[in-house]
Structure formats: C-alpha cells, structure tokens
Amino acid sequence: MDTAGAFAVRDAVEGALFECRISLLGDSGVGKTSLARSFVQLPWNDNLRTSIGMDILTRRIVNDDGVNVVYYVSDTAGQERFRAMLPSQVRNSDAAVIVYDVTCAKSFENVRKWLHFVMNNMSIHTPVMMVGNKADLYHQREVTFSEGLEVAERSNLLFVETSAKTGDRVVAVFKQLSTVLRDRRMNDLF
Ligand code: GDP
C-alpha cells in the first residue's frame, strides 16, 4: 500500500491520528531544549544545563483541521561526542527544525552547516523550518528578522522567530510542520 493509502486507512481506524517526529538541530545554547520543553508545556527553567545525549518529548494536539497529531520532538545534544548519533536520529525524523539564536550571529552563520547536514541525511521532501529563537531579547539582537527571512526564502525553508521563554509562536512551529508534512504525505510526495 502506498504511504498516502496507509495513512488514510489508519486515520479512519484511529480517528485521524497522525504521528510526526521532529528533530531540533542547531548550535549548542540556541534554545533547542527550551523550545521542546515550552512546546510540551514544561515550566520555564532559566538554568538549563546544556543538553547531553538526546531527549524525546511528546505532546498530542488536535490540529485546526481536526486531526490528532502526536508529536515526538527530539532534542539533539550539541556536544561533539554525541554528534555520531545525529545522522541516525534525523533519518528517523519526518521533519527538521534548524534553530539559531537571534542574539548570536555565529549561530545564524552556522544555519548553513546545519542545512547541509539535513540535505545529506534527509529526503528532499522533508519539511524544514528555520527558527530564530530568543526573540524576547530584542536589546541584544545580532540578527534581524529580514536577514533571517532572506536566508529562509533563498533556501526554500519555512521561517519563524520564537521565544521559548515567553512561548511566542512555539506551538505554531510544530503545528505548521505537521500540516506541511501531512499535505506532502497526502500528495504521495514523501
Ligand atoms: P540548547 O543547548 O540549544 O538546548 O539550548 P537551551 O535550551 O539549553 O538554552 C540555552 C540557554 O538559553 C538557557 O540558559 C536558556 O534559559 C536560554 N534560552 C533558551 N531559549 C530562550 C529564549 O527564548 N529567550 C531567552 N531569554 N533565553 C532563552
């Protein structure tokens, strides 16, 4: 059975349940763990230690189209010694989020590196979103919204700025990715 057919049958049996595995990528310290925690409604923690290894957090949401989406969000460690885990992790994901920190130009420059990594390890049909996080720190900004948008448009990526701290636009990141993924599956693209 083709993928779209398989999903149609499962939707009918399970009351439209759609699973979406999303990998968070990006330099260490950009806020990947904080975004994942904010999305699954864990309390804000100002003193998070840099992630070690990999965590998967889950949340189930009924999307605007009435579909029950179960999100599995994997938060990858930035440390060199865990880099070996990354290729298999992203290959098992349906979508990717490349995060940079709007107060850190270096993390924005490194988006290119993360994009290459995605291109080398995931299908060309994989939905990818670029996220400029820490938008609440407007006095410390090193990357403007326009600069982010320009790179995203040039690379054909979805784009949003978020604040894991205030929760601004965090849920929208995940909802949009699952909607794009579902559309692509329905159209048998992926
Ligand atoms: P990771 O290494 O990419 O997983 O980054 P973390 O989630 O561990 O965040 C690194 C630091 O940035 C922590 O001190 C967080 O509290 C802080 N941080 C993360 N997201 C935000 C945000 O949106 N706004 C602010 N002000 N701080 C943030």
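To be clear, the structure that these remarks concern was listed above.
Residues numbered from 1 in each chain as written. Predicted model: local features only at pLDDT ≥ 70, side-chain atom pairs only at ≥ 80, totals over all residues.

S.K.: Talk me through the nonpolar core; I want residue IDs and the actual numbers.
M.R.: Counting 41 residues, the largest nonpolar core has Ala-96, Val-97, Ile-98, Val-99 and Met-129 as the members making the most contacts within it. At the level of secondary structure, the elements contributing two or more residues to this core comprise strand S1 (17-26), helix H2 (32-39), strand S3 (68-76), strand S4 (95-101), helix H5 (111-121), strand S5 (128-133), helix H6 (145-154) and helix H7 (170-186). Here the element with the most residues in this core is S4; it accounts for six residues. In this structure Val-99 touches Leu-24, Leu-25, Gly-26, Val-30, Gly-31, Lys-32, Leu-35, Val-131 and Asn-133, once residues within four positions along its chain are discounted. (Core = buried A, V, L, I, M, F, W, Y, C linked by C-beta atoms within 7 Å. Buried ≥ 20, exposed ≤ 12 C-beta atoms within 10 Å, placed from the backbone. Helix = DSSP H or I, 4+ residues; strand = E, 2+ residues; numbered from the N terminus. Contact = placed C-beta atoms within 7 Å.)

S.K.: Lay out the environment of Val-118 in plain terms, naming residues and giving numbers.
M.R.: You can see Val-118 is positioned in helix H5. On the neighbour-count criterion, Val-118 (21 C-beta atoms within 10 Å) is buried. Here Val-118 is in contact with Val-90, Ala-96, Ile-98, Thr-126 and Val-128, once residues within four sequence places are set aside.

S.K.: Just give me the short version of the pairing of S4, but keep the residues and values in it.
M.R.: Looking down a regular strand, the side chains alternate between one sheet face and the other. Burial within S4 is extensive, with seven of its seven residues counted as buried. Both faces of S4 are covered, namely the face carrying Ala-95, Val-97, Val-99 and Asp-101 and the face carrying Ala-96, Ile-98 and Tyr-100. Two strands pair when backbone bridges link them, and S1 and S4 are joined in this way by five bridges, in the parallel orientation. Along S4, the bridge assignment pairs Ile-22 with Ala-95. As paired elements, S4 and S5 share six bridges and run parallel to each other. Pairing of Tyr-100 across the sheet is with Gly-132, part of S5. (Pairing = 2+ DSSP bridges.)

S.K.: So what's going on with the pairing of S5? Which residues, and what values?
M.R.: With respect to burial, S5 is a largely interior element, six of its six residues being buried. Neither face of S5 is left uncovered, since the one carrying Val-128, Met-130 and Gly-132 and the one carrying Met-129, Val-131 and Asn-133 both have all their residues buried. Sheet analysis places S5 next to strand S6 (residues 158-161), joined by four bridges and oriented parallel. Among the inter-strand pairings, Met-130 is bridged to a residue of S6, identified as Phe-159.

S.K.: Residue-level account of the packing of H2 against H7, with values.
M.R.: In contact at an axis separation of 9 Å, H2 and H7 are set at 85 degrees when each is read in the N-to-C sense. As far as their axial angle goes, H7 and H2 are roughly perpendicular. Where H2 abuts H7, its residues Leu-35, Ser-38 and Phe-39 lie against Val-170, Val-171 and Phe-174. Residue composition of the contact of H2 with H7, by class: five nonpolar, one polar and no charged. (Axes fitted to C-alpha atoms, helices over the stretch in contact; angles between N-to-C directions. Parallel < 35°, antiparallel > 145°, perpendicular 65-115°, else oblique. Nonpolar A, V, L, I, M, F, W, Y, C, P; charged D, E, K, R; others polar.)

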